[in-house]
Amino acid sequence: MRKRPSTLADVARRAGTSTAVVSYVMNNGPRPVAAATRERVLAAAAELGYRPNRIARALRSRTTGVAGLVLADASNPYFGALARHVERALDGRDLLTLVGNAGYSAQRQRHLVERFLAAQVDGLVIVSADFADDVAEVAGVPAVYVHHGPPGAPVAAADNQDAVREAVAHLRGHGHRHIAFLSGPDDEGPVGVRRAAWQAAVAGDPGAELLRCDYSRAAADALTRRLADAGTLPHALVTATDEQAIGVLSGAWARGLAVPDRLAVISLDGTPESAHTAPALTVTEQPLQAMAQQAVALLFDEAAAPLAARATLIPRRSCGCG
């Protein structure tokens, strides 16, 4: 027979105190509890295997202690790393995180938001893949975007324009004059900002070529092989994402082209994987922890101001450093 879960009253009896005192200990307030009594209550809870009932707490406080996190694509290491930082920041506010994967679909993103609202989350953090409609206007709970979001919405993001300028300047420092850019299949979201910043940085250079492929290693690998076979592969390249950069390295290796001697590469994401490619990728590392912390501050502190944190150039072998 299954054992009945321990209750607040069980803990109170074991600790020799009232249920109100046990509640104060478990909820860190609203009234202070003497240190000795607190230790006695915690010991009793541990002995009984007591766990606070989140649903009951929600009914009393009209909050659930749960936040919804919508990811653009959970399979992309960049978004996975960003999600870990957001979850830690929410945990610091004693919030449980529910995670949903939009799979680069605005419709799926909207569906996830509606489901999180039905679950009575206390707030929404949206890592959006494109400028979909602003869910913050209809959510009815605090909502914030990370990475990018619709105009006028609260967003915690990096300074993508500065990152691109720094990448182009660094490649020029290695002697490259014709610096190409690998964008996505379109210019939605931050990639559009990065592409525009690259165009401004290489203005007047007819040899600076704009390339496009899907945001995947396989697509970038195939593109690199085609360009190599046609003899049109550039000598210096800034990629919009690490996933594309890793594919470029793979395609160059398959065609026997040395990186960085034949092709110098800088990527604009800076995920942890970028340090372990062959050769290691030079990146403009996005300040993911700062973005996550700022997003949670925006979510719950009305006075918090949006932040455009600076990406940091990490020089490695793929550009000619090291």
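Residues numbered from 1 in each chain as written. Predicted model: local features only at pLDDT ≥ 70, side-chain atom pairs only at ≥ 80, totals over all residues. Heavy atoms only, no water.

**Student:** Even after reading the chapter, I still don't get the overall build of the protein chain, so can you show me in this structure?
**Tutor:** Helices and strands together make up the secondary structure of the protein chain, namely 11 helices and 12 strands. Here the protein chain holds 322 residues, and 51% of them are scored as buried. Excluding contacts between residues fewer than 6 apart, the proportion of contacts in the protein chain whose partners are at least 24 apart in sequence is 68%. (Helix = DSSP H or I, 4+ residues; strand = E, 2+ residues; numbered from the N terminus. Buried < 20%, exposed > 50% of the residue type's maximum accessible area, 1.4 Å probe, protein only. Contact = heavy atoms within 4.5 Å.)

**Student:** Help me understand the packing of aromatic side chains in this model?
**Tutor:** Two numbers describe a pair of aromatic rings. These are the distance of the centres and the angle of the planes. The full count for this structure, using the stated rule, is 3 aromatic pairs. Cluster of aromatic residues (ring-pair linked, three or more members): Y78, F79 and Y104. (Phe/Tyr/Trp six-rings, centres within 6.5 Å; stacked < 30°, edge-to-face > 60°.)

**Student:** How should the side chain of R194 be read in this particular structure?
**Tutor:** Along the chain, the position of R194 falls in helix 8 (residues 189-201). The class for R194 is buried, based on a relative accessible area of 3%. A distance of 3.2 Å separates polar atoms of two side chains, one belonging to R194 and the other to D269. The residues contacting R194, other than those within four sequence positions of it, are H147, N160, V164, F181, A240, L268, D269 and Q286. (Polar contact = N/O pair within 3.5 Å; in protein donor to acceptor, adjacent residues only side chain to side chain.)

**Student:** Help me out: how do you make sense of the pattern of salt bridges in this one?
**Tutor:** Two side chains bearing opposite charge may form a pair once their charged atoms approach each other closely. Tallying each qualifying case throughout the model produces 12 salt bridges. Salt-bridge contacts for D269 lead to R194; the nearest nitrogen and oxygen are separated by 3.2 Å. A residue pair is termed long-range when its members are at least 10 positions apart, and D269 in the loop between strand 9 (264-267) and strand 10 (282-285) and R194 in helix 8 qualify at 75 residues. As far as burial versus exposure is concerned, D269 and R194 are alike and both buried. Two residues, R225 and D221, come together in a salt bridge whose shortest N-O distance is 2.4 Å. (Salt bridge = Lys/Arg side-chain N within 4 Å of Asp/Glu carboxyl O.)

**Student:** Please explain unusual backbone geometry as it appears in this structure.
**Tutor:** The bulk of non-glycine residues show a negative phi, and the bulk of peptide bonds are trans. Of note, the bond from V259 into P260 is cis; its omega dihedral lies within 30 degrees of zero at 15°. If you trace the backbone, P260 turns up in the loop between helix 10 (242-254) and strand 9. The omega torsion across A278 and P279 is -5°, close enough to zero to call that bond cis. Residue placement: P279 occurs in the loop between strand 9 and strand 10. Unlike most non-glycine residues, D94 shows phi in positive territory, near 65°. With respect to the helices and strands, the residue D94 is situated in the loop between helix 5 (77-91) and strand 2 (96-101). Phi is positive for Q120, which is not a glycine, with a value near 65°. Summarising the element assignment, Q120 is placed in the loop between helix 6 (106-118) and strand 3 (123-126). Given a relative accessible area of 53%, Q120 falls into the exposed group.

**Student:** Help me understand the packing of helix 2 (residues 19-26) against helix 3 (residues 35-48) in this model?
**Tutor:** Any two packed helices are characterised by how steeply their axes cross, that is the angle between the axes, and by the distance between the axes. Two elements in contact, helix 2 and helix 3, have axes separated by 10 Å at closest approach and are oriented at 90°. The angle between helix 2 and helix 3 falls in the class roughly perpendicular. Taking contact as the criterion, the partners of V21, V22, V25 and M26 in helix 2 are, on helix 3, T37, R38, V41, L42 and A45. Residue classes in the contact of helix 2 with helix 3 are distributed as 7 nonpolar, 1 polar and 1 charged. (Axes fitted to C-alpha atoms, helices over the stretch in contact; angles between N-to-C directions. Parallel < 35°, antiparallel > 145°, perpendicular 65-115°, else oblique. Nonpolar A, V, L, I, M, F, W, Y, C, P; charged D, E, K, R; others polar.)

**Student:** For this particular structure, what's the right way to read empty space enclosed by the protein?
**Tutor:** If a probe as big as a water molecule is rolled over the atoms, it shows which places are left empty. Summed over the entire model, instances satisfying the criterion amount to 2 cavities of 30 Å³ or more. Approximately 40 Å³ is the volume found for the largest cavity. Taken together, L182, L211, L223, T224, L227, L233, L237 and V248 make up the full set of residues lining the largest cavity. Along the lines of polarity and charge, the residues of the lining of the largest cavity split into 7 nonpolar, 1 polar and no charged. (1 Å grid on protein atoms, 1.4 Å probe; cavity = no way out; pocket = protein on both sides within 12 Å on 5 of 7 lines; lining within 4 Å. Points joined across faces, edges and corners; volume = space filled by probe spheres on them.)

**Student:** I'm lost on helix 3 in this one. Help?
**Tutor:** Side chains three or four residues apart in an α-helix point the same way, a direct result of the helix having 3.6 residues per turn. Spanning 14 residues, helix 3 covers 20 Å between terminal C-alpha atoms, matching the ideal 20 Å at 1.5 Å per step. Those residues of helix 3 that fall on the buried side of the exposure criterion are T37, V41, A44, A45 and L48. The arc that holds every buried residue of helix 3, seen down its axis, measures 100°, which confines them to one face. The outward face of helix 3, more than 90 degrees from its buried face, is lined by the exposed residues A35, A36, E39, A46 and E47. In the core, the buried residues of helix 3 are packed alongside helix 1 (8-15) and helix 2. Looking at the residues trailing helix 3, positive phi occurs at G49, about 65°. (Expected span 1.5 Å × (residues − 1). Arc of directions from axis to C-beta.)

**Student:** In this structure, what is going on with the sheet that holds strand 12 (residues 312-314)? I would like to understand it.
**Tutor:** Within a sheet, neighbouring strands are paired by backbone hydrogen bonds and run either parallel or antiparallel to one another. Ordered by their spatial adjacency, 6 strands build an open sheet running 7-6-8-9-10-12, and the pairing between neighbours is mixed. Because the sheet does not close on itself, it has two edges, and the strands there are strand 7 (210-212) and strand 12. Each strand of the sheet is rotated relative to its neighbour by a mean of 20°, with strand direction disregarded. Inspection of the sheet shows strand 6 (residues 180-183) paired to strand 7 by 3 bridges, in the parallel sense. (Pairing = 2+ DSSP bridges.)

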